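Working through the structure, step by step
Here are the chains, one letter per residue:
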2 protein chains.
Amino acid sequence: MSKNPKLAAVEQYIKALTTHDMVAIANLYADDATIEDPVGSDIINGKDAIIRFYEVAFSSGISARLDGAVRICANHAVFPFIVELNPGNGEMRIEVIDQFTFNDDHKVVSMKAFWGEQNITTP
Amino acid sequence: MSKNPKLAAVEQYIKALTTHDMVAIANLYADDATIEDPVGSDIINGKDAIIRFYEVAFSSGISARLDGAVRICANHAVFPFIVELNPGNGEMRIEVIDQFTFNDDHKVVSMKAFWGEQNITTP
């Protein structure tokens, strides 16, 4: 049995965040996808804007690792993970939960990131 | 500084799930709140139906514990936790992420539970 495609997408995403693999990031999202990160902030629309969003993240030296099971139901995958920025140079750690919503082609059409100031730690 | 009211509500909820404290559960929700558990299933509307939902959960011998940081942003608290049913008697373990959405009175107006068959383990 092949791996659940939503679980595979999440694992590819976490790996791409750490290896700064923009091809993998772009491949994950539908062309008309949206990002709300964190939830409550302005929504980023479309793949061009999404790529610019991750360019900024990559330039901050981002790395990421899963921090618990990927919860999968209906067309969603929801997963806890930990982001580290600027490792070795004023490192910041953020505990995040992302909600991916998929279309029928297993592409992410919506990413919502839940985190706030209480989820940030600095050395 | 008093505790963030969203964080306090989540901690009260997890405790109430384990102690089967229906008064605490009822106090957590707004009168017109909705529950979708798991996401994709029929929505439960209003406090009377919500209480019946938890009566069923309590009758299954539910207990719960947090499984990571509570993520707080905008009017949401999103948190990973583990539910155990029927401990000692065909125990079932479910890894869940709940999304609470609050009104201005710090009452939960929407609870969405993200979990699927991949998140269930049995002995």
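Summarised in this report is the structure supplied together with it. Remember, it's a predicted structure, so these values are computed and weren't measured experimentally.

**Focus: the overall build of chain A**
The helix and strand tally for chain A stands at three helices and eight strands. Over its C-alpha atoms chain A spans a radius of gyration of 14 Å, differing by no more than 12% from the 14 Å that the globule rule assigns to 123 residues. A principal-axis box enclosing the C-alpha atoms of chain A has dimensions of 40 × 30 × 25 Å. Taking all 123 residues of chain A together, 51% fall into the buried category. A sequence separation of at least 24 residues applies to 46% of the contacts in chain A between residues at least 6 apart. The centroid of the 10 positive side-chain charges in chain A is displaced by 6 Å from the centroid of its 17 negative side-chain charges.

**Notes on the state of the cysteines**
Inspection of the entire model under this criterion finds zero disulfides over all chains. Cysteine Cys73 of chain A shares no disulfide, and the gap to the nearest cysteine sulfur, in Cys73 of chain B, comes to 18 Å. Take Cys73 of chain B: its relative accessible area is 6%, and that puts it in the buried class.

**Quick look at the interface of chain B and chain A**
Each partner contributes to the interface: chain B provides 26 residues, whereas chain A provides 26 residues. Surface buried jointly by chain B and chain A totals about 1,900 Å² across both partners, of which 61% is contributed by carbon and sulfur atoms. Here chain B is connected to chain A by two salt bridges. A salt bridge links Asp67 of chain A to Arg71 of chain B; its shortest N-O distance comes to 3.8 Å. Linking chain B with chain A are twelve residue pairs in polar contact (both at pLDDT 80 or more), by the criterion used here. Contributions of two or more residues to the side of chain B that touches chain A are made by β4 (71-73), β5 (76-85), β6 (92-102) and β7 (108-114) of chain B. Element by element, the count of residues in the side of chain B that touches chain A is highest for β5 of chain B, at five residues. In the side of chain B that touches chain A, the residues fall into 16 nonpolar, seven polar and three charged.

**Structural notes on the side chain of Glu95 of chain A**
Assignment of secondary structure puts Glu95 of chain A in strand β6 (residues 92-102). For Glu95 of chain A, a relative accessible area of 18% corresponds to the buried category. Not counting chain neighbours up to four residues away, the residues in contact with Glu95 of chain A comprise Phe81, Ile82, Phe114, Trp115 and Asn119 of chain A together with Ala69 and Arg71 of chain B.

**With respect to the packing of aromatic side chains**
By the definition in use, this model includes 19 aromatic pairs over all chains. With a centroid separation of 6.5 Å and 50 degrees between ring planes, the pair formed by Tyr54 of chain A and Phe58 of chain A is classed as tilted. In this pair, Tyr54 of chain A and Phe58 of chain A both sit in helix α3 (residues 47-59), four residues apart, roughly one turn of the helix. In terms of burial, Tyr54 of chain A and Phe58 of chain A fall into one category: buried. A ring pair is formed by Tyr29 of chain B and Tyr54 of chain B, whose centres lie 6.1 Å apart and whose planes are at 40 degrees; its orientation type is tilted.

**A closer look at the nonpolar core**
Ranked by size, the top nonpolar core spans 36 residues in total, and within it Tyr13, Leu17, Ile25, Tyr29, Tyr54, Phe100 and Met111 of chain A carry the most contacts. Residue assignment for this core shows that the elements contributing at least two residues are α1 (5-19), α2 (22-28), β1 (29-36), α3, β5 (76-85), β6 and β7 (108-114) of chain A. With residues up to four places along the chain from it excluded, the contact list for Phe100 of chain A reads Val10, Tyr13, Leu28, Tyr29, Asn75, His76, Ala77, Phe79, Val108, Ser110 and Met111 of chain A. Residues Tyr13, Ala33, Phe58 and Met111 of chain B belong to the second largest nonpolar core, which totals 35 residues.

Cut-offs applied
Residues numbered from 1 in each chain as written. Chains lettered and ligands numbered in written order. Predicted model: local features only at pLDDT ≥ 70, side-chain atom pairs only at ≥ 80, totals over all residues. Heavy atoms only, no water. Helix = DSSP H or I, 4+ residues; strand = E, 2+ residues; numbered from the N terminus. Rg over C-alpha atoms; globule rule 2.2 N^0.38 Å. Buried < 20%, exposed > 50% of the residue type's maximum accessible area, 1.4 Å probe, protein only. Contact = heavy atoms within 4.5 Å. Lys, Arg positive; Asp, Glu negative; His and termini not counted. Charge placed at Lys NZ, Arg CZ, Asp CG, Glu CD. Disulfide = S-S within 2.5 Å. Buried area = accessible area lost by both parts, 1.4 Å probe. Salt bridge = Lys/Arg side-chain N within 4 Å of Asp/Glu carboxyl O. Polar contact = N/O pair within 3.5 Å; in protein donor to acceptor, adjacent residues only side chain to side chain. Nonpolar A, V, L, I, M, F, W, Y, C, P; charged D, E, K, R; others polar. Phe/Tyr/Trp six-rings, centres within 6.5 Å; stacked < 30°, edge-to-face > 60°. Core = buried A, V, L, I, M, F, W, Y, C linked by side-chain atoms within 4.5 Å.

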